[in-house]
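Structure assessment
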Amino acid sequence: MLSVSEAIGLLLNDCKRLVEGEEIDLVSSLGRSLAQDIIAPIDVPPADNSAMDGYAFRHAEWPGAEKAIPLSQRITAGSVPRALSPGTAARIFTGAEVPEGADTVVMQEHCEASENSVQIKKLPVFGANIRPRGQDIGAGQKILSAGHRLRPQDMGLLASQGIGEVSVYRRLKVAILSTGDELAEPGSKIRPGQIYNSNRFTMHGQLSAWGFDIVDMGVAQDDPAVIRETFSRAADEADVILSSGGVSVGEEDHVKDVVESLGAIDLWRIAIKPGKPFAFGQVLGTPFLGLPGNPVSVFVTLLIIGRPYLFACQGIADTALHPHQQRALFDKKGSAREDYLRVRSTADGLELFTSQSSGVLFSTSWGDGLVRQKVGEDISRGGLLEYIPYAVLN
Ligand code: AMP
Ligand code: MG
């Protein structure tokens, strides 16, 4: 059996970015991965500006608390100041540019002012209340790297630099298909012997959350001709093919023979629970990931093994899991496979769902993340665990 990290390593070794770059409007860039490093074109803020409503003056000219300084101009945010005349102060507002010649801003609460003059009752330190030019970012600084997935704050940062269009990788196209004669579509009436197709929706939702384009191939019956036709079409239309089911070695598992005849396939037994059978290969040159059929296994293997590979194909630089540490509220013996436990976080620590059976899909929905339990590692209450919130996987 392959360990989980060996399997991920093999996949990442084999993969390359499959998508080219495109220019898009900044406003629709959420979740997209940058195709280029971003070097700041400008200083932000572009000029020294006031952090307070108050008065701008020359620190060395302070005449003492009892003497008034004449006011020579009024500077609001968005206006362009004149240089400060010697011996005067300027009324100034938050965000307004500090005039040349002024070196300090005093907040209005520390002043007594009339229409034409101000007394500074409490002298601030030299340079106070001024946000210097370039305090946030200096022109020429690298602010984001190629392969970074844009978050809301990154969009704001790019906007603050005046960047209205960004170069991102086009969305990876992933074909999804489910195999099995037993599958019925939700919304239809189920016949004896059937179960509803849940994997199609788990895969669809997860791939959408990752920002991929989905080519939904529906269900392929357990019939070599149908599977062949479906896989060929998927290879034609998508960058990567993702299937569920049909990769065990039962008589009705035809994916192996079909993919072998159209390309290549390796059947892996991965030491992961839930999971285990996993296929990797290519169909007419298009990479192919064959997830197990079991719905909990689909969810877990897609997150843990599929995600790093698909992210790398999309050009995303960071494919790691970044687990958090949290305390266990339960005991559990280790096993011969790396176990991804369905848990829920509370203020006191992590609760384990009562049934960790791979047939219990409810465990994934009940919780908010997975715990990675390494091979042979026992968990005892109060111990620190590697917790992977679903949120950090999206
Ligand atoms: P298989 O790998 O095709 O033998 O499937 C393993 C188990 O997962 C069987 O119990 C299947 O009925 C079930 N299964 C396979 N595909 C799906 C699906 N799309 N939705 C729900 N259950 C599935
Ligand atoms: Mg099947």
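This report concerns the structure included in the present document. (Residues numbered from 1 in each chain as written. Chains lettered and ligands numbered in written order. Predicted model: local features only at pLDDT ≥ 70, side-chain atom pairs only at ≥ 80, totals over all residues. Heavy atoms only, no water.)

**Some thoughts on the overall build of the protein**
Broken down by element type, the protein carries seven helices and 26 strands. Reported as C-alpha extents along the three principal axes, the dimensions of the protein are approximately 95 × 50 × 40 Å. The buried share of the protein, taken over its 394 residues, is 47%. Once local pairs closer than 6 in sequence are excluded, the contacts in the protein between residues at least 24 apart make up 69%. Accessible surface, the protein as shown: approximately 18200 Å² in total, 51% of it carbon and sulfur. Here the protein contributes 37 positive and 48 negative side-chain charges, whose respective centroids are spaced 4 Å apart. (Helix = DSSP H or I, 4+ residues; strand = E, 2+ residues; numbered from the N terminus. Buried < 20%, exposed > 50% of the residue type's maximum accessible area, 1.4 Å probe, protein only. Contact = heavy atoms within 4.5 Å. Areas by Shrake-Rupley, 256 points an atom, 1.4 Å probe, with all protein chains shown as cover. Lys, Arg positive; Asp, Glu negative; His and termini not counted. Charge placed at Lys NZ, Arg CZ, Asp CG, Glu CD.)

**Focus: the packing of helix α4 (residues 224-237) against helix α5 (residues 255-262)**
With their axes 9 Å apart at the nearest point, α4 and α5 run at an angle of 50 degrees to one another. The orientation of α4 with respect to α5, classified from their angle, is oblique. Handedness of the crossing formed by α4 with α5: right-handed. Facing Pro-224, Ile-227, Arg-228, Phe-231 and Ser-232 of α4, the residues of α5 in contact are Val-255, Val-258, Val-259, Ser-261 and Leu-262. Tallied by class, the residues present in the contact of α4 with α5 amount to seven nonpolar, two polar and one charged. (Axes fitted to C-alpha atoms, helices over the stretch in contact; angles between N-to-C directions. Parallel < 35°, antiparallel > 145°, perpendicular 65-115°, else oblique. Left-handed = near helix turned anticlockwise from the far one by under 90°. Nonpolar A, V, L, I, M, F, W, Y, C, P; charged D, E, K, R; others polar.)

Note that every value here comes from positions in space, so none of it alone points to a role or purpose.
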